[in-house]
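# A structural walkthrough
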Amino acid sequence: MLNSFSLRLLTLAIFWLGLLVLKLTNMLESHFLPLAIVFSVLILLGAVLEIFLGYAGDRYLLPVAETLLAIGLVLLIRVNPSLAEDQFVWAFLGLIVFYIVLFGLRDYRKLEQYQYIWGLAALVLLLATLLFGINIHGATSWIKIGSRSFQPEELVKVVLLLFMSAYLNNNRELLRIGTIQVGRISLPDRRTLGPFAFICLIVLALLAAQKSLGTALVFFLLMVFVVYMVTERLFYLAMSVPAVLLMGTAGYIFFDHVKIRVATWLNPWADSTGGGFQIAQSIFAISGGRLLGTGLGNGIGAYQIPLAETDFIFSVLAEELGFFGAMAVITLFLVLVLRALATGIKAPDRFGQILAAGIGILIGLEVLIILAGITKMLPLTGLPLPWISYGGSSLIIHFLLLGLVTNISHNSSYSLSTARNKRVGVYEQRHT
C-alpha cells in the first residue's frame, strides 16, 4: 500500500509543483484548478482500486507513465492552454481505458485466437484512412467525424502488435529454423512467411500512400526487431538494412515533402526562415537550456517553434528544464521500456512474452525516432511524444498498450505464485 501511494504522491508532487511555478509566473488560469483536482483524484483512486482488486503486477509501469503525463500537462498549459484543456479530458479517458484493460480483460491469452482478425483490422483501418481521411501537414493520417478527428494509425499499433505476437508465436520454430535451403541460408517457405509478409507489406504500402512515412518507419523497425527477438536470427536484421535504404530512396524520389525534410535535415541553416525554421529554432531552444534550463515559463521556444505542443514539445522541455530535466524525462521513458521488456521475460506464455516485449520496443522506437528528429540526428517524422505531446488518439492508445503490459504483468505474478505453491506442496509431501 505504501509503495503504491508513495509513487502516486511523488507524481502529484511534480504535477502540483509545476502548476505552482506557472501560477507564480501568471501562466495558470483559474479554470485549470478543477481539472487538476480531478486528475489528482483519479490517480489516487486508481491506487485504491489496485489495492481493492488485488493488483499483483509491476508497481512502476503506471506511475512512470502518469509522471510523464503530468509533465506533459504542465508543459501544455504553458505552451497552449486551449489545447491543454482538451488534453486533460483525454487524460481522464486514457486512465479509464487503462483500468478497463487491466481489470476487465480476464485472460489476455484469448486475444491470440483472433490473429487474422487483428491483421485484417490493421488493413481496414489504414484503407479507410486513405479513402476517407483528411490531409494535415502533408500526411493523410486523420479521419474527421463532426468537429473531432482521430488517427486510426494509432489503433493500428495495437492490432498490428496483437497480430504479430499471435502469428510469431504460432510459427516461431519454422521462422527460426526454416524449411527451404538457399545456399547456406535456411528460409521459411511461402505458407509460413507468406501471410505475415503480406499483411506487413500492405500495412507499409498503405502508410506510404498516406505519406505517413514516420509511422511507416516505426512499424517497419518494430516488425524487424520483434521478428529478430522471436527467431534470434541475424539474417532478418541484415535483410532490413537494404530494405530501409530502398524505402528511404523511394520516399525521397516520389514524395516532395520528403525531399524538403531531407534537405532541411542536411542543412537547416540554408533556409532557416523557411523550411528549416522549425529544426533551427528547436536546436536554438535545446542549446539555450544548458544544464539547469531557463526555468519553467521563461523560454522562447514555446513561442518561436511551430507545433511546439506536438512535434517539438521536448525542445521546450529541454530549454526550460535544462539538460538535467531532459535527462530525467528520458530516464523515465527508459524505465518504462525496461519494465515492459522485463514483463515480457516473466510472462508465463510465449504470446504474452512477445506482446509485452513488443510494446516496450514500440515505445522505445517512438521516443528514439522523435528525439533524433528534433535534435537533427534524423529527418523530422512528425510523431507525437508518448504521454507528453498533445494528442487524444496517441494518449488513449498508449494507455491501452500500457494496460495490456500491466495485465500481462498482473497475470504473470499470479501464475508465478501458483507455481511456487505447487512446488511447496510437492516438497512437503516428499518430506512428510
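In what follows, the structure referred to is the one given above.
All of these numbers come straight from a predicted model, not from anything done at the bench.

### Comments concerning the pairing of strand β2 (residues 139-145)
Where strand β1 (residues 134-136) meets β2, two bridges bridge the pair, whose relative direction is antiparallel. Note that in β2 the partner of Ile 134 across the bridge is Trp 142. By the bridge criterion, three bridges tie β2 to strand β3 (residues 148-150) in an arrangement that is antiparallel. Following the sheet pairing, Ile 145 is matched in β3 by Arg 148. Taking the residues between adjacent antiparallel strands as the criterion, β2 and β3 are bridged by two residues, where Gly 146 takes a positive phi near 65 degrees.

### Topic: the packing of aromatic side chains
Counted by the stated rule, this structure contains 18 aromatic pairs. Look at Phe 15 and Phe 88: their rings are 6.4 Å apart centre to centre, the planes differ by 65 degrees, and that puts the pair in the edge-to-face class. With a gap of 73 residues between them, Phe 15 in helix α1 (residues 2-24) and Phe 88 in helix α4 (residues 81-104) connect regions that are remote in the sequence. Residue Phe 88 is classed as buried on the basis of its relative accessible area of 0%. A centroid spacing of 6.2 Å and a plane angle of 5 degrees characterise the contact between Tyr 99 and Phe 103, whose relative ring orientation is stacked.

### Focus on helix α5 (residues 115-132)
In a regular helix each residue adds 1.5 Å, so 18 residues correspond to 26 Å; α5 covers 26 Å between its end C-alpha atoms and thus fits that length. By the burial criterion, the buried members of α5 are Gln 115, Trp 118, Gly 119, Ala 122, Leu 123, Leu 126 and Thr 129. Summarising the axial view, the buried residues of α5 lie within an arc of 135 degrees, below the 170-degree limit, and thus occupy one face. Relative to its buried face, α5 has exposed residues pointing more than 90 degrees away, namely Ile 117, Leu 120, Leu 131 and Phe 132. Lining the buried residues of α5 we find β2, α6 (152-170) and α8 (190-209).

### Regarding the pattern of salt bridges
In total, this model carries nine salt bridges according to the counting rule given. One salt bridge connects Glu 66 with Arg 8, and the closest N-O pair in it is separated by 3.0 Å. Placement of Glu 66 in helix α3 (residues 61-79) and of Arg 8 in helix α1 is noted, with a sequence separation of 58 residues between them. With a relative accessible area of 1%, Glu 66 lands in the buried category. Note that Arg 78 and Glu 320 form a salt bridge whose closest N and O atoms lie 2.6 Å from each other. Residue Arg 78 is found in helix α3, and its partner Glu 320 is found in helix α14 (residues 313-346); the two are separated by 242 residues along the sequence. In this pair, the class of Arg 78 matches that of Glu 320, namely buried.

### Looking at the environment of Ala 13
One can find Ala 13 in helix α1. Here the alpha-carbon distance between Ala 13 and Lys 376, two residues 363 residues apart in the chain, equals 33 Å.

### Some details on the sheet that holds β1
Reading across from one edge, β1-β2-β3 is the order of the three strands in this open sheet, with antiparallel pairing throughout. The open sheet is flanked by β1 and β3, the only strands paired with a single partner. Within the sheet, the average angular offset between the axes of one strand and its neighbour, ignoring direction, is 50 degrees. The strands that α5 touches are β1 and β2; relative to β2, the one it contacts most, it runs at about 85 degrees.

### With respect to a nonpolar patch on the surface
Side chains of Trp 16, Leu 33, Ile 37, Val 41 and Leu 45 sit close together on the surface and give an oily, nonpolar patch of about 440 Å² of accessible area. If one sorts the elements of the nonpolar patch by residue count, helix α2 (residues 32-52) sits on top with four residues. Along the polypeptide, Leu 33 turns up in helix α2. Look at Leu 33 and you get partly exposed, because its relative accessible area is 46%.

### Some remarks on the packing of helix α9 (residues 213-231) against helix α10 (residues 234-254)
It is at 9 Å that the axes of α9 and α10 come closest, and there the two elements cross at 170 degrees. In terms of axis orientation, α9 runs roughly antiparallel to α10. Seen from α9, the contacting residues are Phe 220, Val 224, Phe 225, Val 227, Tyr 228 and Thr 231; seen from α10, they are Leu 234, Tyr 236, Leu 237, Ser 240, Ala 243, Val 244 and Met 247. Of the residues assigned to the contact of α9 with α10, the class counts are eleven nonpolar, two polar and no charged.

### A closer look at the nonpolar core
Among the nonpolar cores identified, the biggest contains 119 residues, and Phe 39, Val 203 and Trp 387 are the most heavily contacted of them. Discounting chain neighbours no more than four positions away, the residues touching Trp 387 are Ala 65, Leu 68, Leu 69, Gly 72, Phe 333, Leu 336, Ile 363, Leu 395, His 398, Phe 399 and Leu 402.

### Thoughts on unusual backbone geometry
If you check the backbone angles, Asn 26 has positive phi at about 60 degrees while not being a glycine. With respect to the helices, strands and loops of the structure, Asn 26 is situated in the loop between α1 and α2. Of note in this structure, Lys 376 is not a glycine but carries a positive phi near 70 degrees. Take Lys 376: it is sitting in the loop between α15 (350-374) and α16 (392-430). Look at Lys 376 and you get partly exposed, because its relative accessible area is 26%.

### Quick notes on the packing of α8 against α9
The packing of two helices is summarised by the inter-axis angle and the distance between the axes. For the pair α8 and α9, interaxial distance at closest approach is 8 Å and the crossing angle is 160 degrees. Viewed along their axes, α8 and α9 adopt a mutual orientation that is roughly antiparallel. Crossing geometry of α8 relative to α9 is assigned as left-handed. Taken together, the residues of α9 that come into contact with α8 (itself represented by Phe 196, Cys 200, Val 203, Leu 204, Leu 207 and Ala 208) are Leu 213, Thr 215, Ala 216, Phe 219, Phe 220, Met 223 and Val 227. Here the contact of α8 with α9 is built from residues that sort into twelve nonpolar, one polar and no charged.

### Thoughts on the side chain of Gln 87
Locating Gln 87 in the fold gives a position in helix α4. Not counting residues within four places of it along the chain, the set of residues in contact with Gln 87 comprises Leu 73, Leu 76, Ser 389, Tyr 390, Gly 391, Gly 392 and Leu 395.

Criteria and thresholds
Residues numbered from 1 in each chain as written. Predicted model: local features only at pLDDT ≥ 70, side-chain atom pairs only at ≥ 80, totals over all residues. Heavy atoms only, no water. Pairing = 2+ DSSP bridges. Helix = DSSP H or I, 4+ residues; strand = E, 2+ residues; numbered from the N terminus. Phe/Tyr/Trp six-rings, centres within 6.5 Å; stacked < 30°, edge-to-face > 60°. Buried < 20%, exposed > 50% of the residue type's maximum accessible area, 1.4 Å probe, protein only. Expected span 1.5 Å × (residues − 1). Arc of directions from axis to C-beta. Contact = heavy atoms within 4.5 Å. Salt bridge = Lys/Arg side-chain N within 4 Å of Asp/Glu carboxyl O. Axes fitted to C-alpha atoms, helices over the stretch in contact; angles between N-to-C directions. Patch = residues over 30% accessible without salt bridge, like charges linked within 9 Å, V, L, I, M, F, W, Y side chains within 5 Å. Areas by Shrake-Rupley, 256 points an atom, 1.4 Å probe, with all protein chains shown as cover. Parallel < 35°, antiparallel > 145°, perpendicular 65-115°, else oblique. Nonpolar A, V, L, I, M, F, W, Y, C, P; charged D, E, K, R; others polar. Core = buried A, V, L, I, M, F, W, Y, C linked by side-chain atoms within 4.5 Å. Left-handed = near helix turned anticlockwise from the far one by under 90°.

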